[in-house]
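An overview of the molecular structure
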Amino acid sequence: MKTSGLHRRGLLSAGAAASALVALPAGLRAQPRIAPPNIIKAGTLIMSINPTLPPLQYVDDKGELKGMRVELANECCKKLGLAPEYIRTEFATMIPGLAAKRWDMINTGIFWTEERSKLMYMIPYEQAAISFLAAKGNPLGLKTVEDLAGKRISVELGGIEERRTREVAKMLADKGLKPVTVMTFNNFAEAFQALRAGQSDAATCIDATAMFMQQRGDFTRAISGVFPQTACFAVANKPLAEAVVGALNDLKKDGTYDKLLDQYGVLKVDEPTFAIKGPGPA
């Protein structure tokens, strides 16, 4: 997915890499549940992140890391008795960097695949789906995917959102419904502007971004939860992965996990408890 004007504001320039230590007062941290060699630095969980996707992971006007994935990882760190430390880097560096022990965990919403699950210990915690935004107040009354038949949908060119929009268009055409007009733009800012100007009837983006736009008062998130994909934490070390699973299960039990994902409009995983999915490294 290309980075839009919306995503670029206040973020690191492409290729920039920096670390940010988020220290928790000692009184708020439990005794560390895990130590080297299962983590790189004693008392610290080092994570890679690409903070380019508000409201899940981004840099605010003060240069501070914010977002649901940052908050969730910080809460895990409290359970583990560790201080979170983030290394901001591009996605392409993350899997090699994990293997090279540059960081303990990938925290960037990496999607689960069978191939990746053989390289890392992957812990699903989120379902990242797409939404269809409508003009504020949803004047066309869009409620289901079928309501998109005959409509014009604006979307950024080349990303998963365009591919999913075309899948919806094909699905509706196969049902004999009116054809969808897919309008592609160079970035999300242009796609959203087309909706705002009435050039399109809906715009496609991921669920959490749609919730962010709705809460900001720009549009209405009319249809959500379409084509969910599983997003994970990824860890190279099994004892650490098991500790993170334990922390997530603690957050599930005390209500923190549900509250946080509901706050951001993010779909939760279906399983009643968290677990490593896949075999992990051979």
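Tallied over the full model, the rule gives 16 salt bridges. A salt bridge links Asp250 to Arg33; its shortest N-O distance comes to 2.8 Å. Of this pair, Asp250 sits in helix α8 (residues 238–253) while Arg33 is found in the loop between β1 (18–21) and β2 (44–49), placing the two residues 217 residues apart along the sequence. Judged by relative accessible area, Asp250 falls into the partly exposed class, the value being 23%. For the salt bridge of Asp254 with Lys79, the shortest nitrogen-to-oxygen distance reads 2.9 Å. Highlighted residues: Asp254 in the loop between α8 and α9 (256–264) and Lys79 in helix α2 (residues 68–80), separated in sequence by 175 residues. Residue Lys79 is classed as partly exposed on the basis of its relative accessible area of 26%.

On to the packing of α2 against α9. Contact geometry for α2 and α9: axes closest at 10 Å, N-to-C directions at 170°. Our classification of the angle between α2 and α9 gives roughly antiparallel. Residues Met68, Glu71, Leu72 and Glu75 of α2 pack against Thr256, Tyr257, Leu260, Leu261 and Tyr264 of α9. For the contact of α2 with α9, a count of residues per class yields six nonpolar, one polar and two charged.

Take helix α6 (residues 188–196) next. All of the buried residues along α6 are Phe188, Ala191, Phe192, Ala194 and Leu195. With its buried residues spanning 155° around the axis, α6 presents them on a single face. Two residues or fewer past α6, Gly198 is found with a positive phi of approximately 80°.

Calculation rules
- Residues numbered from 1 in each chain as written.
- Predicted model: local features only at pLDDT ≥ 70, side-chain atom pairs only at ≥ 80, totals over all residues.
- Heavy atoms only, no water.
- Salt bridge = Lys/Arg side-chain N within 4 Å of Asp/Glu carboxyl O.
- Helix = DSSP H or I, 4+ residues; strand = E, 2+ residues; numbered from the N terminus.
- Buried < 20%, exposed > 50% of the residue type's maximum accessible area, 1.4 Å probe, protein only.
- Axes fitted to C-alpha atoms, helices over the stretch in contact; angles between N-to-C directions.
- Parallel < 35°, antiparallel > 145°, perpendicular 65-115°, else oblique.
- Contact = heavy atoms within 4.5 Å.
- Nonpolar A, V, L, I, M, F, W, Y, C, P; charged D, E, K, R; others polar.
- Arc of directions from axis to C-beta.

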